[in-house]
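Each chain is listed here by its residues.
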Amino acid sequence: MRRHPPDPTGRTSVTDEQQRPPAAVVFDALGAAYEKAFADSEAHRRSLEWLLGRLAPGSRVLDVGSGTGRPTAETLAGAGHEVLGVDVSPVMVELAARQVPSASFRCVDVRELPLDVASFDAVCVYFSLLQLDRSEQADVVRRLARALVPDGLLVLATVPLDVEGVEGVFMGQPVRVTSFGAPDLVAVAEEAGLDVLEREETLFTPAHPHAGPEPHVFLYCRRRRADTTDA
């Protein structure tokens, strides 16, 4: 993405901010505070244990919206897997590269990320689609499913609310959120060629003074071996 030359005063120009994806603006501002706020998510940890119990040694894993690299990339790379983390926020990517040198990270919008068919053994998508519209979310899940090897695994987590383009505040940052209710999210996954093996719904309160309780849903998925979407 082309960036404007920096303002000599150190300020970011309005034009520059308008050109950047909204998620990049939000998560550049949050930085390491996001990791601290979600560090105690037991459901997230359980989902990683679920993956670790099923992945062959040295598996290729894509972490979409990799944030600071913790806990996802750190846990998986620490277990010997080959992890590529992608995030739209350059601040997050810089933090992740410093904190998890055993994984690789790229600053890229997942909508623009080239994905070869059957190139990953597993994909993680933790709360990273909420600022995309519904058609974009469904398209990303389809592309990620195609990027899995047959029987490859995908963990998808989000806030399961039936909302579209709702303005709100997240940890003190203005956001525009779109999501699916849990049954509709299951349908999105299934239409993408995934079998939903398990579903966990929980309530989590981030450790942040401007955060309240959030409903979370985690889908544990496997790519169908006979997937007609590849035809």
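All of these numbers come straight from a predicted model, not from anything done at the bench.

Calculation rules
Residues numbered from 1 in each chain as written. Predicted model: local features only at pLDDT ≥ 70, side-chain atom pairs only at ≥ 80, totals over all residues. Heavy atoms only, no water. Helix = DSSP H or I, 4+ residues; strand = E, 2+ residues; numbered from the N terminus. Buried < 20%, exposed > 50% of the residue type's maximum accessible area, 1.4 Å probe, protein only. Contact = heavy atoms within 4.5 Å. 1 Å grid on protein atoms, 1.4 Å probe; cavity = no way out; pocket = protein on both sides within 12 Å on 5 of 7 lines; lining within 4 Å. Points joined across faces, edges and corners; volume = space filled by probe spheres on them. Nonpolar A, V, L, I, M, F, W, Y, C, P; charged D, E, K, R; others polar. Phe/Tyr/Trp six-rings, centres within 6.5 Å; stacked < 30°, edge-to-face > 60°. Lys NZ or Arg CZ within 6 Å of the ring centre and 35° of its normal.

Comments concerning the overall build of the chain
For the chain, the helix and strand inventory stands at eight helices and nine strands. Each of the 231 residues in the chain was classed as buried or not, and the buried ones make up 49%. Sequence-distant contacts in the chain: of pairs separated by 6 or more residues, those separated by 24 or more amount to 66%.

Quick notes on empty space enclosed by the protein
Tallied over the entire structure, the rule returns one cavity of 30 Å³ or more. In this structure, the largest cavity encloses a volume near 60 Å³. In terms of lining, the largest cavity is formed by Phe127, Ser128, Leu129, Leu130, Gln137, Leu156, Ala157, Thr158, Ser179, Phe180 and Leu185. Per element, the largest residue contribution to the lining of the largest cavity is three residues, and it comes from strand 5 (residues 148–158). A per-class count over the lining of the largest cavity returns seven nonpolar, four polar and no charged.

Describing the packing of aromatic side chains
Enumeration over the complete set of coordinates arrives at nine aromatic pairs. Of the aromatic side chains, those joined through ring pairs into one cluster are Phe27, Tyr34, Phe38, Phe170 and Phe204. The cationic tip of Arg134 hangs over the ring face of Phe180; the distance from NZ or CZ to the ring centre is 5.3 Å.

Notes on unusual backbone geometry
Excluding glycine, a negative phi dihedral is what most residues carry, and trans is how most peptide bonds are arranged. A cis amide bond links Arg70 with the next residue in sequence, Pro71, at an omega value of 5°. One non-glycine residue with positive phi stands out, namely Ala118, at about 55°. Within the element layout of this structure, Ala118 appears in the loop between strand 3 (104–107) and strand 4 (120–126). Given the relative accessible area of 30%, Ala118 is considered partly exposed.

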